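Here are the chains, one letter per residue:
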Amino acid sequence: MADTNAPQMQATLGLTGLTMNAMALIAPGAFLWLTFAIQGATGTTAPAMWFGIIIALLLCLATAVCYAEMAKLYPGTGSSYYFAEQSFLNHDKAWKYARLSKFIVGWGSHLYYWIYPGVMVGVTGVFTGFVVGTLWPNFMSASNPGPMFMMAVAILFSFGVAYIAYRGVNGSTSVNIAINVIQISALIVFSVLALGYRMNHPPGSVAFNWDASSSAAYTYQFATEKQTTNGTTTDVISRNADGTPKPMLDANGQPVPFKIDYPAKDDHGMFVSHPDAASVVGVHNWGFAFVQATVAILILVGFESVTAMGGEAKNAKRDVPIAVITSLLVQGAFCYLFEYFAANYFLNSGYPMTTASGSSAPIGDMMVIVGDAVFGAGHGRIFMLIEAITVFLALIGTTLSCMNTGARVTYAMGKDEEVPEHFGLLHSENLTPHRAIWTLATISAVIGCIAVSVPFGDAPALSDATIKALPQGFWSSFGYMGHDAMAALPNSLLTITLASNFGTFLLYMLSCVTCIVCYHNHPKFKMVRHLLIPIFGLLANLACMVFYLIGPFMGYGTPKEPLLALGIAAVWAIYGGVYFMSSSKKSGRTTLVEGRGRPTTA
């Protein structure tokens, strides 16, 4: 049994601290930069990117209301895991299912809370590779960093952030407050400049043409030449000895200016850009929108994280519900919708979606272009690096917040002996669930390495010419296979993202059900908040989960990644059932509660 005299968490967080911890996990500064590439890699569905966020936002708002309402009744550590237990224990007819329900919710939540930090440390590896490649292009390709380098960064970052979490929640909150202010300000600046670039460059005007190999923008059209690789002849850009693209010359021997345009599709029918603002916010196709929503959920999750900190809140019943809703509205309804509109509206013939989907950091590329346009040629890279610093801070904040949340859910299950008991221990000085934190750091490092193993698999597979042009070396090119081999493999980053998202949908769906149980026949029951909204949230989450199965077979997105993600979830569910039955048998605990109160032992 857990030691009742062990150190306990202290109530130190006010409304600001709670809100900032939740906002840090939603982190628009990190996700606009990183998830735009993942969403762009979903094939033909890219035109519906903005509206997909609307669908995901409505789903999350419905779920956020459920979390806020449950937090009013049952503030404490453990979030949805704790809510499930209390809702059933305090229900006249369903109390005997309290242990079973909380285990299902808690185990399911780990599919999200244990994979999500791994996604974050993986994309940090991608981000760092982009920055290193920008600074030292002869060592690393910014658009296509080396898998081995990204894995090394993922491991170091995972344990570095875990150390901050290990030191205590107060230090984490101070870090998150600073990060939120910096990242929101920086991304708003970029968004304004991106909108200005589009409005100041009408079709036919001279603008910048992006070159992925040199990670720079030029105001002329590129000269091309025929090149044969593995028996396939393609047009490639002609280059000078220093790697810069040669300009196409007119009859007088002068460089041909690059004139911008905003076509919807290229000659192969691939989406290129949005012809107008209405196209950015349009649905285009409801199937496209739902596929985009299944990816976009990654950028919005985190509002519920604050409910895991009820044990550290000064006034949990008042502040936690406010923090849940406020964090989602500020980051999701304002920051993301504005920033994603600006980034999508920016797309053009000089930087089309086909280029963005093949880059490790399309937002970084866009920053270089708008920086050159505003501050002068050559200065865009400096602007991008300054913005990159804020993105790195945002990555620290979102990974830190998720580790804090995930560790506390594991801690709550450890205290209840639903997972190994040592997870339910706090550090004697820092008062943090240190065993859970370091375990989560190890898991995150492993998942992060898997995520960056084939980051350009499936649809965004690199051409053989691009792979051949990479700087050669263990850190920069080892792990890249030929185009056909990469196209046949699932995109590792998208697969891990979808696995995390599947866990999110599952957890949010169960939480909506829990809210209905929580307020059923309760004296404070309200029809809209406690029945209609939870039912909408349940159906919305279920619809997105179903799309994992049927979407690819209807021609929306690619099938390998969602089916593999479903396989991961199925394995986790089976293992959970086996673990629950074996641990119950070993400890002599009954599946159903035998008396009103805490789950009993036989």
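Our subject is the structure listed above.
Quick look at the structure, then.

Section: the overall build of the protein chain
And then number 1: For the protein chain, the count of helices and strands is 20 helices and four strands.
And then number 2: Among the 602 residues that make up the protein chain, the fraction classed as buried is 60%.
And then number 3: In the protein chain, the proportion of contacts linking residues at least 24 apart, taken out of those at least 6 apart, comes to 78%.
And then number 4: Entry remark: accessible area of the protein chain is about 22300 Å², with carbon and sulfur atoms responsible for 65%.

Observations concerning the pattern of salt bridges
Any two side chains of opposite charge can pair, on the condition that their charged atoms come close.
And then number 1: Across all of its chains, the model carries five salt bridges by this definition.
And then number 2: A salt bridge links Arg529 to Glu69; its shortest N-O distance comes to 3.7 Å. Remark: Glu69 occurs in helix α3 (residues 49-73) and Arg529 occurs in helix α19 (residues 527-550); sequence separation between them is 460 residues.
And then number 3: The buried category is assigned to Glu69, whose relative accessible area is 6%.

Things to note about empty space enclosed by the protein
And then number 1: Counted by the stated rule, this structure contains two cavities of 30 Å³ or more.
And then number 2: Here the largest cavity is characterised by a volume of approximately 180 Å³.
And then number 3: The wall of the largest cavity is formed by 16 residues, among which Ala37, Ile38, Ser359, Pro455 and Leu493 lie closest to the centre.
And then number 4: If you list the elements that add at least two residues to the lining of the largest cavity, you get α2 (28-40) and α18 (492-519).
And then number 5: For the lining of the largest cavity, the element with the highest residue contribution is α2, accounting for three residues.
And then number 6: For the lining of the largest cavity, a count of residues per class yields twelve nonpolar, four polar and no charged.

Some points on unusual backbone geometry
And then number 1: Of note, the phi angle at His284 is positive, near 65°, even though the residue is not glycine.
And then number 2: By the element assignment, His284 lies in the loop between α9 (277-281) and α10 (286-300).
And then number 3: Judged by relative accessible area, which is 44%, His284 ranks as partly exposed.
And then number 4: Not every positive phi belongs to a glycine, and Asn521 is a case in point at roughly 60°.
And then number 5: Counting through the fold element by element, Asn521 comes out in the loop between α18 and α19.

Considering the side chain of Thr410
And then number 1: If you trace the backbone, Thr410 turns up in helix α14 (residues 380-415).
And then number 2: Looking at Thr410, its side chain comes within polar contact range of the side chain of Trp114, at 3.3 Å.
And then number 3: If we ignore the near neighbours within four places in the chain, the residues touching Thr410 are His110, Trp114, Val419, Phe423 and Ala436.

Considerations on α3
And then number 1: Counted at 1.5 Å a residue, the expected span for α3 with its 25 residues is 36 Å, and the 37 Å between its end C-alpha atoms agrees.
And then number 2: Within α3, 22 of the 25 residues are buried, which leaves it mostly tucked inside the rest of the structure.

A look at the state of the cysteines
And then number 1: This structure, assessed with the given rule, holds zero disulfides.
And then number 2: Free cysteine: Cys518, not disulfide-bonded; nearest cysteine sulfur from Cys515 at 6.1 Å.
And then number 3: By relative accessible area, which is 4% here, Cys518 ends up buried.

A closer look at the nonpolar core
And then number 1: In terms of nonpolar packing, the biggest core is built from 148 residues, with Trp33, Phe36, Phe190, Tyr340, Ile363, Met366 and Tyr508 touching the most fellow members.
And then number 2: Core analysis: the second largest hydrophobic core is formed by seven residues, Ala461, Leu470, Tyr480 and Met486 among them.

Quick word on the packing of aromatic side chains
And then number 1: For the structure on display, the rule yields 33 aromatic pairs.
And then number 2: Note on Phe51 and Trp286: the rings are 5.4 Å apart at their centroids and 85° apart in plane angle, and the pair reads as edge-to-face. Taken together, the residues Phe51 in helix α3 and Trp286 in helix α10 connect sequence positions 235 residues apart.
And then number 3: Judged by centre distance (6.1 Å) and plane angle (55°), the ring pair of Trp114 and Trp572 falls under tilted. Residue Trp114 is found in the loop between α5 (98-113) and α6 (116-135), and its partner Trp572 is found in helix α20 (residues 560-587); the two are separated by 458 residues along the sequence.
And then number 4: Grouping aromatic residues by their ring pairs yields a cluster made of Tyr67, Phe83, Tyr112, Tyr113, Tyr116, Phe303 and Tyr508.
And then number 5: Here Arg198 stacks its cationic end above the ring of Tyr262, 3.7 Å away from the centre of that ring.
And then number 6: The positively charged end of Arg198 is found above the aromatic ring belonging to Tyr345, 4.1 Å away from the centroid.

Brief notes about α6
And then number 1: The terminal C-alpha atoms of α6 lie 29 Å apart, and with 20 residues this matches the ideal 28 Å at 1.5 Å per residue to within 8%.
And then number 2: Summarising burial for α6: 19 of the 20 residues are buried, a large majority.

Conventions we followed
Residues numbered from 1 in each chain as written. Predicted model: local features only at pLDDT ≥ 70, side-chain atom pairs only at ≥ 80, totals over all residues. Heavy atoms only, no water. Helix = DSSP H or I, 4+ residues; strand = E, 2+ residues; numbered from the N terminus. Buried < 20%, exposed > 50% of the residue type's maximum accessible area, 1.4 Å probe, protein only. Contact = heavy atoms within 4.5 Å. Areas by Shrake-Rupley, 256 points an atom, 1.4 Å probe, with all protein chains shown as cover. Salt bridge = Lys/Arg side-chain N within 4 Å of Asp/Glu carboxyl O. 1 Å grid on protein atoms, 1.4 Å probe; cavity = no way out; pocket = protein on both sides within 12 Å on 5 of 7 lines; lining within 4 Å. Points joined across faces, edges and corners; volume = space filled by probe spheres on them. Nonpolar A, V, L, I, M, F, W, Y, C, P; charged D, E, K, R; others polar. Polar contact = N/O pair within 3.5 Å; in protein donor to acceptor, adjacent residues only side chain to side chain. Expected span 1.5 Å × (residues − 1). Disulfide = S-S within 2.5 Å. Core = buried A, V, L, I, M, F, W, Y, C linked by side-chain atoms within 4.5 Å. Phe/Tyr/Trp six-rings, centres within 6.5 Å; stacked < 30°, edge-to-face > 60°. Lys NZ or Arg CZ within 6 Å of the ring centre and 35° of its normal.

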